[in-house]
Each structure stands twice: as structure tokens, then as C-alpha cells.
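Coordinates in review
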Amino acid sequence: MENRLAKSTEERTFQYQDSLPSLPVPSLEESLKKYLESVKPFANKEEYKKTEEIVQKFQNGIGEKLHQKLLERAKGKRNWLEEWWLNVAYLDVRVPSQLNVNFGGPAAHFEHYWPPKEGTQLERGSISLWHNMNYWQLLRKEKVPVNKVGNTPLDMNQFRMLFSTCKIPGINRDSIRNYFRTESEGCSPSHIAVLCRGRVFVFDVLHEGCLITPPEILRQLTYIHKKCHSQPEGPGIAALTSEERTRWAKAREYLISLDPVNLTILEKIQSSLLVYSIEDVSPHVTPEDYSQVIAMILTGDPAVRWGDKSYNLISFSNGVFGCNCDGSEKARAIPLPEELVFTVDEKVLNDISQAKAQFLKQSSDLQVVSRSFTRFGKKLTKKKMLHPDTFIQLALQLAYYRLHGRPGCCYETAMTRYFYHGRTETVRSCTVEAVRWCQSMQDPSAHRLERQEKMLQAFAKHDKMMKDCSTGKGFDRHLLGLLLIAKEEGLPAPELFTDPLFSRSGGGGNFVLSTSLIGYLRVQGVVVPMVHNGYGFFYNIRDNSFVVACSAWKSCPETDAEKLVQQVFHAFSDMMQLMTSACL
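Being a predicted model, the structure only gives us computed values, none of them experimental.

What counts, and where the lines are drawn
- Residues numbered from 1 in each chain as written.
- Predicted model: local features only at pLDDT ≥ 70, side-chain atom pairs only at ≥ 80, totals over all residues.
- Heavy atoms only, no water.
- Domains from an automatic or database assignment.
- Contact = heavy atoms within 4.5 Å.
- Buried area = accessible area lost by both parts, 1.4 Å probe.
- Salt bridge = Lys/Arg side-chain N within 4 Å of Asp/Glu carboxyl O.
- Polar contact = N/O pair within 3.5 Å; in protein donor to acceptor, adjacent residues only side chain to side chain.
- Helix = DSSP H or I, 4+ residues; strand = E, 2+ residues; numbered from the N terminus.
- Nonpolar A, V, L, I, M, F, W, Y, C, P; charged D, E, K, R; others polar.
- Core = buried A, V, L, I, M, F, W, Y, C linked by side-chain atoms within 4.5 Å.
- Buried < 20%, exposed > 50% of the residue type's maximum accessible area, 1.4 Å probe, protein only.
- Pairing = 2+ DSSP bridges.
- Axes fitted to C-alpha atoms, helices over the stretch in contact; angles between N-to-C directions.
- Expected span 1.5 Å × (residues − 1).
- Phe/Tyr/Trp six-rings, centres within 6.5 Å; stacked < 30°, edge-to-face > 60°.
- Lys, Arg positive; Asp, Glu negative; His and termini not counted.
- Parallel < 35°, antiparallel > 145°, perpendicular 65-115°, else oblique.

**Digging into the domain arrangement of the protein chain**
Taken domain by domain, the protein chain consists of domain 1 (28-78 + 374-579) and domain 2 (98-364). With 21 residues of domain 1 in contact, the opposing surface of domain 2 contributes 26 residues. Between domain 1 and domain 2 lies a buried interface of about 1,800 Å² when both sides are counted; carbon and sulfur atoms form 58% of it. For the interface between domain 1 and domain 2, the tally reads zero salt bridges. The tally of links from domain 1 across to domain 2 stands at seven residue pairs in polar contact (both at pLDDT 80 or more). Broken down by element, the side of domain 1 that touches domain 2 gets its largest block of residues, three residues, from strand S17 (residues 546-553). The class makeup of the residues in the side of domain 1 that touches domain 2 is twelve nonpolar, four polar and five charged.

**Some points on the nonpolar core**
Residues Phe391, Trp437, Leu496, Phe537, Leu564 and Phe572 are the most contacted members of the largest nonpolar core, which totals 80 residues. Contacts of phenylalanine 391, omitting those with residues within four sequence positions, involve Phe376, Thr381, Leu386, Phe459, Phe546, Phe572, Met575 and Met576. The next biggest cluster of nonpolar side chains, apart from the first, holds 33 residues, and it includes Val144, Phe201, Phe203 and Leu313.

**Regarding the sheet that holds strand S10 (residues 312-315)**
In space, the five strands of this open sheet follow the order S10-S9-S5-S6-S11, with mixed pairing throughout. Either end of the sheet is taken by a strand with one partner, and the two such strands are S10 and strand S11 (338-340). Between one strand axis and the next, the sheet turns through 25 degrees on average, direction left out of account. Sheet analysis places strand S9 (residues 275-278) next to S10, joined by four bridges and oriented parallel. Bridge pairing links valine 275 to asparagine 312 in S10. Packing against the sheet, helix H8 (residues 214-230) makes contact with strand S5 (191-196), strand S6 (199-204), S9 and S11, and its axis sits at approximately 160 degrees to S6. Lying on the sheet, helix H10 (residues 260-271) is in contact with S5, S6, S9 and S11; it crosses S11 at an angle near 115 degrees.

**Details of helix H17 (residues 476-488)**
If you check H17, its first and last C-alpha atoms are 18 Å apart, about what 13 residues at 1.5 Å a residue would give, namely 18 Å. Residues of H17 that are buried: Asp476, Arg477, His478, Leu479, Leu480, Gly481, Leu482, Leu483, Leu484, Ile485 and Ala486. Looking one or two places after H17, you find glycine 490, whose phi comes out positive at around 75 degrees.

**Quick word on the packing of aromatic side chains**
By the definition in use, this model includes 21 aromatic pairs. Plain terms: the ring middles of tyrosine 35 and phenylalanine 502 are 6.2 Å apart, the flat faces sit at 50 degrees to each other, and that makes the pair tilted. Residue tyrosine 35 is found in helix H2 (residues 28-39), and its partner phenylalanine 502 is found in helix H19 (residues 500-504); the two are separated by 467 residues along the sequence. Of the residues examined, tyrosine 35 reaches a relative accessible area of 1% and is grouped as buried.

**Remarks on the side chain of arginine 73**
Checked against the element boundaries, arginine 73 lands in helix H4 (residues 62-75). No salt bridge forms around the buried arginine 73; measuring N to O, its nearest opposite-charge neighbour glutamate 488 is 4.2 Å away. Polar contacts involving the side chain of arginine 73 include one to the main-chain carbonyl oxygen of tryptophan 80, which spans 2.9 Å. Leaving out residues up to four positions away in the same chain, arginine 73 has contacts with Trp80, Glu83, Trp84 and Glu488.

**Digging into unusual backbone geometry**
Phi is positive for serine 164, close to 55 degrees, though the residue is something other than glycine. According to the relative accessible area criterion, serine 164 is buried, its value standing at 0%. With a phi angle near 65 degrees, methionine 385 is a residue other than glycine that sits in the positive phi range. You can see methionine 385 is positioned in the loop between helix H13 (378-383) and helix H14 (388-404).

**Concerning the sheet that holds strand S15 (residues 513-519)**
With mixed pairing, six strands are arranged side by side in an open sheet as S12-S17-S16-S15-S13-S14. In the strand order of this sheet, the two ends are held by strand S12 (366-373) and strand S14 (424-428), each with one partner. Adjacent strand axes in the sheet meet at a mean angle of 25 degrees when their direction is disregarded. Strand direction decides the pairing type here: strand S13 (residues 410-415) and S14, joined by five bridges, are antiparallel. The partner of tyrosine 411 across the bridge, within S14, is arginine 428. Seen against the sheet, H17 touches S13 and S14 and runs at an angle of roughly 115 degrees to S14.

**Considerations on the environment of glutamate 123**
Mapping glutamate 123 onto the fold places it in helix H7 (residues 121-140). Residues glutamate 123 and lysine 40 lie 83 residues apart in sequence; the distance between their C-alpha atoms is 56 Å.

**Details of the side chain of histidine 67**
Note that histidine 67 resides in helix H4. If near-sequence neighbours (up to four positions away) are discounted, histidine 67 is found in contact with Val25, Pro26, Ser27, Leu28, His478 and Leu482.

**Topic: the pairing of strand S16 (residues 535-541)**
Of all the seven residues making up S16, seven are buried; the element is thus mostly covered by neighbouring parts of the structure. Every second residue of S16 is oriented toward a common face, with Tyr535, Phe537, Tyr539 and Ile541 on one face and Gly536, Phe538 and Asn540 on the other, all of them buried. Two elements, S15 and S16, share six bridges in a ladder whose sense is parallel. Looking at S16, one finds that leucine 517 is bridged to tyrosine 539. As defined by bridge partners, S16 adjoins S17 across six bridges and the pair is classed as antiparallel.

**Remarks on the packing of helix H5 (residues 82-91) against H17**
With their axes 11 Å apart at the nearest point, H5 and H17 run at an angle of 90 degrees to one another. Here H5 lies roughly perpendicular to H17, going by the angle between them. Within the contact between the two elements, H5 uses Trp84, Trp85 and Val88 and H17 uses Arg477, Leu480, Gly481, Leu484, Ile485 and Glu488. Grouping the constituent residues of the contact of H5 with H17 by class yields six nonpolar, one polar and two charged.

**Quick word on the pattern of salt bridges**
The tally for this structure, following the rule as stated, stands at 29 salt bridges. Notably, a salt bridge pairs lysine 77 with glutamate 83, separated by 3.9 Å at the nearest N-O pair. Taking relative accessible area as the criterion, lysine 77 reaches 32% and is therefore assigned partly exposed. For glutamate 83, a relative accessible area of 46% corresponds to the partly exposed category. Where arginine 245 meets aspartate 308, a salt bridge forms, and the shortest distance between an N and an O atom there is 2.8 Å. A residue pair is termed long-range when its members are at least 10 positions apart, and arginine 245 in helix H9 (residues 245-258) and aspartate 308 in the loop between helix H11 (291-299) and S10 qualify at 63 residues. The same class applies to arginine 245 as to aspartate 308, namely buried. Members of the salt-bridge network, linked through shared partners, are Arg94, Asp174, Arg245 and Asp308.

In C-alpha cells, the structure reads:
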């Protein structure tokens with residue numbers, strides 16, 4: 001594994017961090033021009049004219065002053081957005097994060113290596129954990145290859161946050177603690193936490209300086225599994241992490257006040273490499289249908305999920321998850337896992353019951369549909385000179401338009417990792433060009449050539465937006481920066497941000513379609529919708545298939561994830577037929 005991942009011994013994982021360019025501040029004029037274009041699909045002529053006037057007033061007045069202050073901020077920071085984004089998008093959010101913020105999805109190895117099979121949970125778990133620990137060692141040694149586009153290195157900072165990282169709840173704002181260190185930086189925690197039936201265990205993955213073997217990990221997991229299944233369930237403290245953030249913060253403070261040992265236990269969990277969750281259920285999953293397993297990962301037992309950890313590795317009773325490898329059969333006399341027993345009282349137990357009830361109520365409202373479209377995939381779309389990501393985004397626009405009879409404001413994630421600590425920018429996929437194409441597809445009098453021309457115009461617009469956003473020329477994060485500067489200066493929110501078209505077009509976290517390309521590997525998953533009447537829509541692009549995962553709230557009568565996925569698949573076929581027919 002080390003030889004395969006670390007092809008170049010000359011390059012270190014984090015060696016280019018100091019040489020990456022700073023995140024730029026876009027031109028105010030360009031950002032406002034792009035913003036005006038993005039609201040057009042959601043406005044009539046009068047509404048658009050009013051917003052145009054608001055934007056012009058902003059540009060010539062307070063907007064220019066705020067922009068200058070933002071430029072000043074950027075002079076003193078390599079990434080002017082980083083701290084703000086972390087706070088606004090994650091740490092200030094008060095809704096329960098386990099379901100509303102976290103991403104969940106299955107490992108893909110069941111498709112070829114590990115089909116669901118009862119009785120394999122612990123053995124597969126030991127192998128999967130061993131691979132994870134090998135990757136942790138490669139990170140510590142900085143032997144994970146630097147991600148690049150061509151010869152351009154990308155920011156690798158997020159890899160530091162994969163292991164030994166935890167969010168700590170606060171009354172008004174959470175914080176993040178990262179315990180990971182590379183070997184050159186010093187010592188790093190080397191234990192994992194295991195949650196099973198409401199109980200917590202830890203064990204070290206190093207013994208006498210070496211990584212323990214899969215059989216040794218299996219012995220540890222077997223010990224925990226037998227103990228938990230032969231004794232009463234634990235209190236399930238982990239369920240508190242699924243609570244509303246301020247309530248969890250108060251419950252945590254009370255828990256610590258009961259006994260200082262509780263703080264020691266919390267810190268052991270927080271600093272652990274990862275949390276390994278042992279579930280007793282067996283989700284149905286096939287290479288064509290991932291719906292139930294994704295739903296269970298997002299909505300499973302909160303007493304065996306530590307919602308604040310950067311990485312929960314979840315194992316199900318039928319062995320769904322993980323990867324495949326060979327390992328030594330020797331098992332040394334290593335220390336048995338240590339159980340971490342919290343001191344609790346009636347109040348803590350009551351807090352846990354309330355947390356479970358809250359989580360059950362919200363999770364039972366979540367609809368998840370994940371299916372594989374197998375008629376074609378990346379190969380055919382690229383053969384037609386169409387970018388596969390744009391293909392899916394436009395199919396989603398057409399599907400939403402057909403299902404709801406109107407354009408759907410859409411958030412697509414663009415990566416900004418060309419820059420120091422760069423993360424994401426918003427691509428607003430619902431463009432004027434996309435809407436015109438959707439309208440032509442619904443117009444019986446529109447000819448095929450006209451539909452094809454409009455589709456290609458929509459493709460070109462989306463491709464340009466993605467390029468702009470990835471190279472620091474997006475506008476959503478810029479507008480956020482201007483708003484946050486105003487708040488820091490004690491100024492009221494400028495009219496641009498209170499204009500109804502701002503939220504109607506998705507601003508302020510109001511996108512009805514929250515989407516992201518997960519990648520071109522066998523990784524799948526989804527997040528919950530950004531708004532109650534919206535959808536979460538994540539997708540995976542493969543050579544000969546597209547795998548999509550869609551979420552919606554059952555309590556919203558307008559939305560239906562099943563119907564949207566069906567419409568997306570119809571749109572895939574219609575788009576390819578349009579290109580094929582037009583070429584004949």
C-alpha cells in the first residue's frame with residue numbers, strides 16, 4: 001500500500017502548503033454582474049429592474065467601502081475567507097449537526113469484493129480498520145501523494161483534519177480541536193474509539209512501535225462485541241452529540257461538572273484517530289440501489305455515532321463497508337480494549353432520552369433514494385464532447401423543471417484548492433441559458449436542432465462558471481465577505497442582502513437544490529436538503545454509469561426524492577438522444 005500511494009519519495013504531502021497562492025478577492029464589478037445574471041431566472045421584469053437598481057446603489061455606495069475593507073483584510077491573511085467560512089458554515093450553526101451538517105455514505109467494496117454477508121462484520125471491520133491505520137501512518141510520514149491538476153499542486157490542509165479531529169460544542173459557537181501531528185511535528189494520538197450498544201471502548205493501534213495486525217484488531221473487536229452482547233446496554237452518551245448544539249454544549253458542561261473523569265473520557269474520544277461504530281442492523285444494498293444503506297448511515301442509532309468526530313467508520317451486521325487486503329495471522333499479547341465508563345445521573349439519562357427522541361423524530365422524516373443509471377456514463381458523454389459533471393447538473397435542472405414547473409435555484413460545489421487553505425465556492429447551476437433550454441424541451445413546437453443549440457449554450461455557460469469559481473472568480477463567497485465586513489463594522493445588512501430576490505435565488509443558504517459531485521471513484525453518499533422544500537443531490541461519475549443519491553423531507557408535500565431521481569434518469573436519456581439524433 002505504501003509503495004502504491006507514495007510513488008515519489010521526493011515529494012511530501014504538505015510540502016507545497018507555504019508556496020500556494022493566497023485566495024484572491026474578486027472584482028466587485030464582476031461579482032455584482034454575475035450576481036445579477038444569477039437572479040434573472042427567478043424574477044419578472046419589474047423585480048429584476050428593482051434588484052438592478054439595488055445592486056447599482058450598492059456598487060456605488062456602501063459596497064465599494066466594504067470591498068476596500070475586505071481588500072485590507074486580505075492583505076494580512078493568506079485566506080481571507082477561511083475563519084469566516086468555518087464559523088458561518090459550521091461552528092455558528094445551532095441545528096443538530098449529525099443529521100443536518102454531516103455527510104454520510106457507504107464504502108463501495110460490497111459491489112465487487114464484499115457483498116453483504118452475515119457473520120463477516122468483525123473480520124471485515126478488522127481489515128478495514130487496518131487499511132485506515134495504514135493511511136494514517138502514510139499521512140504522518142507525509143507519504144500521501146500531493147493532489148494535483150496537471151502539474152499544479154492543490155491545497156492538502158483538509159487531510160490534516162481527517163484523523164484525531166473533533167468539534168466541541170459551545171453555547172454560541174462550537175470550536176474544533178485537531179490533535180493530528182506529522183512525525184516531524186511530534187507525537188500524535190494512536191488510539192481509536194469503538195462505540196457498541198451505548199458503550200465506549202478505546203484501544204491503541206500501535207504495539208511496540210508497530211501497527212497492530214488485522215487478526216489483532218479482530219481480537220479487540222471480538223472482545224468488545226462479546227462483552228456488549230452479553231451485558232446490558234450502556235447509557236449511550238454519544239446520542240447527546242446528535243442534539244441541537246447549544247443543548248449539547250450545556251449537557252456536556254453538566255456532564256463534566258458531575259465528575260472530572262468524564263472530561264478525561266471526552267478528551268480520549270475527541271483525540272481518537274476515528275470512531276468505529278458497531279451497528280446491529282443489516283441494510284439492504286445492491287450495486288443498483290444504495291437507498292437503504294445511505295439512509296441507515298445518516299439516520300442510524302445515535303448512541304453509536306459520535307456526531308462531532310471528523311470520521312465515524314460505521315460497520316453493519318451484514319459486513320457492508322470497507323475494503324480487501326492480506327494480513328499476518330499472528331496475534332501478539334496486546335492489552336485488551338479499555339472501556340470508558342461515564343459517571344451519569346438522572347439528568348444526564350434524561351438528556352440522552354430527549355436527544356434520542358429529537359433525532360428519531362427528524363431522522364424518520366428523511367427520505368433517501370440512491371440509484372445507479374447504467375445505460376451510459378462518462379465515456380459516452382465525453383465522446384459527445386460534453387463534460388459529465390455539467391451533463392448531470394443540466395439533467396437535474398430539467399428534472400426539477402419538469403417535476404415542479406419552475407426553475408430550481410441550485411448550489412453546486414466548486415473546489416478552490418488551487419489556493420492556500422482553499423475549500424469551496426458556489427456554482428449557481430440554474431442559469432438563464434439552462435432555463436431557456438428546459439423551456440425548449442417542454443415546448444412541443446421546438447425543433448431538435450433548436451433544443452440542441454440551447455443545451456450546448458447551457459453547457460458552455462456552466463463550464464465557464466465552474467472554471468471561474470475554481471480559479472477564485474466566483475461571487476457567492478465574495479458577497480458573504482462583504483456582508484460579514486458590514487456586521488463587524490456594526491452596520492445593518494445592506495439592502496442587497498434583504499432584497500427578496502437574494503433569498504429566492506438561493507442566497508443566505510436558501511438553495512432548493514444542494515448538490516455536489518462526489519468524484520470519479522466508487523464513493524457515494526448524500527447530505528440532507530438545505531431547505532425544507534428542497535433536495536440534497538450528490539452523484540458519482542463512472543465510466544459506464546452515474547450513481548445518484550437524493551434526499552428530501554417526507555413532511556414537505558412538494559418534494560419527492562423518488563420522483564426527482566426518476567426524472568433525472570429520463571433527462572439523461574433525453575439529452576443523449578438529443579445529441580445522437582442531432583448528429584444523424
